[in-house]
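Single-letter residue listing:
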Amino acid sequence: MDKYRFVKIREHPQWKGPGADWFHQKWGVPREAYLESMEACLRKESAVPQWYLLLQGETIVGGLGVIENDFHCRKDLTPNVCAVYVEKAHRGQGLAGEMLRRVCEDMKEQQIDLLYLVTDHIGFYERYGWEFLCMVREESGRDTRMYIHREGNLL
């Protein structure tokens, strides 16, 4: 991680626009949705939403967010880590795990002990202290896996 910098959008608002562009390119969610969520993050009205970037120099190589709900029907399972992504050229170095660890720590500092995450990946998040919780229905009607992270599971 020495050659990377973990940036919290709430502390570095100049990354809001580039971050929204980058997440939009990776996930196809409208740029405006990311901008709106990042603007809410910058207002600092609550612990959620939050957005984070992993930079190498001035280039975004990874990122993730924490939002109330990541497009699923279980509104009670909140907040959700979302949009976890590391550029292909930077994978295999444990960067996603380090980003997840830092987000869990950041949320703990804000008195949030439980985090949820939806994914189709099996075996990846378990390496970083996440546990399979249940299947949930996405807004699209598709079922996906819901994971939970409890404080104390940090690896």
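Predicted model only: the values in this text are computed from it and were never measured. (Residues numbered from 1 in each chain as written. Predicted model: local features only at pLDDT ≥ 70, side-chain atom pairs only at ≥ 80, totals over all residues. Heavy atoms only, no water.)

Caption draft 1: Region of the structure containing the overall build of the protein. In terms of helices and strands, the protein carries three helices and seven strands. Counted from the first residue to the last, the protein has its helices and strands arranged as β-α-α-β-β-β-α-β-β-β. Relative to a compact globule of 155 residues, whose C-alpha radius of gyration would be 15 Å, the protein shows 15 Å and is just as compact. If one aligns the C-alpha atoms of the protein with their principal axes, the spans along those axes are about 40 × 30 × 30 Å. Taken over 155 residues, the protein has a buried fraction of 49%. Considering only contacts within the protein whose residues lie at least 6 apart along the sequence, 58% involve residues at least 24 apart. Here the protein carries 21 positive and 24 negative side-chain charges, and the mean point of each set is 3 Å from the other. (Helix = DSSP H or I, 4+ residues; strand = E, 2+ residues; numbered from the N terminus. Rg over C-alpha atoms; globule rule 2.2 N^0.38 Å. Buried < 20%, exposed > 50% of the residue type's maximum accessible area, 1.4 Å probe, protein only. Contact = heavy atoms within 4.5 Å. Lys, Arg positive; Asp, Glu negative; His and termini not counted. Charge placed at Lys NZ, Arg CZ, Asp CG, Glu CD.)

Caption draft 2: Expanded view of the pairing of strand 5 (residues 114-119). Burial runs high along strand 5: five of the six residues are buried. Note: strand 4 (residues 80-86) against strand 5, two bridges, orientation parallel. Residue pairing in the sheet places Val81 in a bridge with Leu117 of strand 5. As a crossover connection, the stretch from strand 4 through helix 3 (residues 95-109) into strand 5 is right-handed. Pairing of strand 5 with strand 7 (residues 143-150), which is carried by six bridges, proceeds in the antiparallel orientation. When the sheet's bridge partners are listed, Val118 is paired in strand 7 with Met146. (Pairing = 2+ DSSP bridges. Right-handed = clockwise from strand over helix to strand, strands pointing away.)

Caption draft 3: Focus on helix 1 (residues 16-27). Across its 12 residues, helix 1 extends 16 Å between first and last C-alpha, which sits within 8% of the 16 Å expected from 1.5 Å per residue. Inspection of helix 1 places Gly17, Gly19, Ala20, Trp22 and Phe23 among the buried residues, and these make up the whole buried set. Looking at the packing, one finds that the buried side of helix 1 touches helix 2 (31-43), strand 2 (50-56), strand 3 (59-67) and strand 4. Note on helix 1: the residue one or two positions beyond its end, Gly28, has a positive phi of about 75 degrees. (Expected span 1.5 Å × (residues − 1).)

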